[in-house]
Amino acid sequence: MGNHGFFLYHMDNDKEKAKQAYLDERKGSVASFAPGRIEFLGNHLDYNGGMVMGAAIDAGIYAFATPTEGDDIRLFSESFEDAVVESSLAGFGRQEGKTSWANYCLGVLKVMQEAGLAPRTGFSLTFTTDLPVSVGLSSSAALELASALVLAQLAGQELDRKELVGICRKAENEFVGVPCGILDQATSAFGKKDHLVLIDCEKEDFSTLPLPPDTRLWVFDTGIKHDLVDSHYAKRHGECQAALGCLRESGHEINYLAKAKKEWITEDSMPENTSKRARHVINEQARVLSFREGLASKKEVNELGLLLNDSHESSSLLFENSCPEVDFLARKLQAHSEVLGARLTGGGFGGAVLAWTGTGFGPNDAEAIAKEHETQFDHLPSVHDFVPSNGARIKPGTA
Ligand code: GLA
């Protein structure tokens with residue numbers, strides 16, 4: 001053995017010292033996780049006060065925060081390595097260009113500061129993710145929720161899930177500037193393994209419903225992200241508001257378009273285009289309610305799946321937020337015998353298609369359909385399958 005024991009003693013000692021130095025450096029650190037989401041049914045209903053269904057998925061964003069002295073803040077994301085944001089608690093502002101990813105986190109910080117819930121000393125915040133990028137799984141909402149959960153921990157505050165949803169939606173509406181509803185944030189917050197999240201967007205009431213066993217969720221991403229997605233979204237938001245305005249002028253005292261009745265939409269009640277948006281919202285709401293009733297009465301999954309197909313037709317023809325690539329995938333999927341239903345999911349104008357399938361649908365089937373899309377459009381869509389999973393949570397840190 002000779003000096004061996006002596007060396008080992010020193011190595012162990014060095015390891016201990018390194019570990020201690022790491023723990024000292026990370027003292028008071030906290031961590032969180034927030035999942036991405038799939039919009040299952042209820043397209044563009046959330047900001048119209050409707051009921052929507054989503055599923056949190058088994059991939060998301062992890063946040064890790066370490067408190068620092070002074071009031072400096074530093075935000076780093078592994079997905080945007082060359083876009084670190086360094087600022088201060090009192091001096092940060094909205095980011096443009098390559099650091100604009102940080103607006104979701106800074107927006108949350110701002111809203112929490114206004115509510116007296118934010119940390120009062122500086123911090124360093126690091127994000128990492130296992131979400132496929134730009135697939136329309138709402139990484140932005142996951143970033144907001146993961147941020148809010150670590151910031152609250154640093155501030156010694158506890159947020160309930162409803163508060164969490166409210167803070168994150170406000171951040172997105174007011175700081176980021178997207179007039180979204182609460183679908184993304186609420187699904188990420190209230191997700192439950194093997195369940196759908198049912199959100200009453202008017203009452204802000206959240207519950208979960210078991211997804212029928214032996215079914216699976218697949219997302220096919222066309223990879224198309226229209227430059228004007230945000231402005232198209234805002235335009236549809238405006239058209240829905242206009243439809244609501246017309247109905248109110250004709251004496252219908254409702255606060256949300258999703259509460260309107262089909263028979264109120266007559267030829268002379270509003271312009272043709274506006275009436276198409278309104279009919280989509282009203283029919284889509286009826287489909288969500290039918291799906292919920294169908295689940296409760298244990299209706300055949302094949303029959304329930306047809307509601308997803310109808311939703312797609314409505315998005316495509318009435319809400320006009322689809323595109324040829326999304327239509328192609330949805331229709332190919334709908335024609336497959338193991339697919340229960342397929343539809344555009346999320347904001348639209350490109351983006352992704354959801355397929356709800358039986359267990360007989362596998363990677364080979366998915367690949368064959370993706371290849372057909374490639375032959376037609378010269379682009380191979382990315383395909384992902386997900387399991388409905390639990391919602392956002394704090395993770396034990398190293399404090
Ligand atoms: C995007 C928005 C959501 C919702 C959907 C459409 O994902 O972020 O709030 O409006 O579009 O249903």
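Each value, and the rule that gives it
Residues numbered from 1 in each chain as written. Predicted model: local features only at pLDDT ≥ 70, side-chain atom pairs only at ≥ 80, totals over all residues. Heavy atoms only, no water. Near = heavy atom within 4 Å. Areas by Shrake-Rupley, 256 points an atom, 1.4 Å probe, with all protein chains shown as cover. Helix = DSSP H or I, 4+ residues; strand = E, 2+ residues; numbered from the N terminus. Domains from an automatic or database assignment. Buried < 20%, exposed > 50% of the residue type's maximum accessible area, 1.4 Å probe, protein only. Pairing = 2+ DSSP bridges. Contact = heavy atoms within 4.5 Å. Salt bridge = Lys/Arg side-chain N within 4 Å of Asp/Glu carboxyl O. Polar contact = N/O pair within 3.5 Å; in protein donor to acceptor, adjacent residues only side chain to side chain. Axes fitted to C-alpha atoms, helices over the stretch in contact; angles between N-to-C directions. Core = buried A, V, L, I, M, F, W, Y, C linked by side-chain atoms within 4.5 Å.

1. Some words on the site of the ligand
Then, number 1: Residues in close proximity to the ligand total 14 residues, the closest being Glu39, His44, Asp46, Asp184 and Tyr233.
Then, number 2: In isolation the ligand has 310 Å² of accessible area, and contact with the protein removes 92% of it.
Then, number 3: Those elements that place two or more of their residues in the shell around the ligand are β1 (30–41) and α5 (183–190).
Then, number 4: Residue-level mapping places the shell around the ligand at the junction of two domains, with at least three residues from each of domain 1 (25–210 + 390–394) and domain 2 (215–386).

2. Some thoughts on the pairing of strand β3 (residues 72–77)
Then, number 1: Of the two faces of β3, the one holding Ile73, Leu75 and Ser77 is buried and the one holding Asp72, Arg74 and Phe76 is not buried anywhere.
Then, number 2: Looking at chain direction, β3 and strand β4 (residues 85–88) are connected through four bridges and run antiparallel. Bridging from a neighbouring strand, Asp72 pairs with Ser88 of β4.

3. Things to note about the domain arrangement of the protein chain
Then, number 1: The domain architecture assigned to the protein chain consists of domain 1 (25–210 + 390–394) and domain 2 (215–386).
Then, number 2: Centre-to-centre separation of domain 1 and domain 2, based on C-alpha positions: 25 Å.
Then, number 3: Contacts between the two partners involve 33 residues from domain 1 and, on the opposite side, 39 residues from domain 2.
Then, number 4: Inspection of the region where domain 1 meets domain 2 yields two salt bridges.
Then, number 5: Put simply, Glu202 and Lys259 hold a salt bridge, and the shortest N to O gap is 3.3 Å.
Then, number 6: If you look at where domain 1 meets domain 2, you find 16 residue pairs in polar contact (both at pLDDT 80 or more).
Then, number 7: Of all the secondary structure elements, the ones that give two or more residues to the side of domain 1 that touches domain 2 are β1, β2 (51–67), β6 (195–200) and β7 (205–210).

4. Details of the sheet that holds strand β10 (residues 350–358)
Then, number 1: Spatial strand order, β9-β10-β8-β11: four strands in an open sheet with antiparallel pairing. Each having just a single partner strand, β9 (339–345) and β11 (382–386) make up the two edges of the open sheet. Going across the sheet, the axis of each strand differs from the next one's by a mean of 20°, ignoring polarity.
Then, number 2: As paired elements, β9 and β10 share six bridges and run antiparallel to each other. Residue pairing for β10: Arg343 is matched across the bridge by Leu354.
Then, number 3: In the packing of helix α8 (residues 301–319) onto the sheet, the strands contacted are β8 (215–225), β9 and β10, and the crossing angle to β9 comes to about 25°.

5. Some thoughts on unusual backbone geometry
Then, number 1: Here the phi dihedral of His44 falls at roughly 55°; this positive angle occurs in a residue that is not glycine.
Then, number 2: Structurally, His44 can be placed in the loop between β1 and β2.
Then, number 3: Taking the relative accessible area as the measure of exposure, His44 reaches 3% and is therefore buried.

6. A few points about the pattern of salt bridges
Then, number 1: With the rule as written, the count across this model stands at 22 salt bridges.
Then, number 2: Note that Glu320 is salt-bridged to Arg277, the shortest N-O span being 2.8 Å. Within this pair, whereas Glu320 is found in the loop between α8 and α9 (324–334), its partner Arg277 is found in helix α7 (residues 272–296), the two being separated by 43 residues in sequence.
Then, number 3: Linking Glu284 and Arg287 is a salt bridge whose minimum nitrogen-to-oxygen distance equals 2.9 Å. One end of the pair is Glu284 and the other is Arg287, both in helix α7 and three residues apart, which spans about a single turn. For the pair Glu284 and Arg287, a shared accessibility class is recorded, and that class is buried.
Then, number 4: In this structure, a network of salt bridges that share partners links the residues Arg236, Glu239, Lys276, Arg277 and Glu320.

7. So, the nonpolar core
Then, number 1: Counting residues in each nonpolar core, the largest one holds 100 residues, and the members touching the most others are Phe40, Met112, Leu125 and Phe291.
Then, number 2: Inspection of this core shows a minimum of three residues originating in each of domain 1 (25–210 + 390–394) and domain 2 (215–386).
Then, number 3: Once residues within four sequence positions are removed from consideration, Phe291 is found in contact with Phe40, Leu41, Met53, Leu196, Leu304, Leu307, Leu308 and Trp356.
Then, number 4: Residues Phe220, Val326, Ala330 and Leu333 belong to the second largest nonpolar core, which totals 15 residues.

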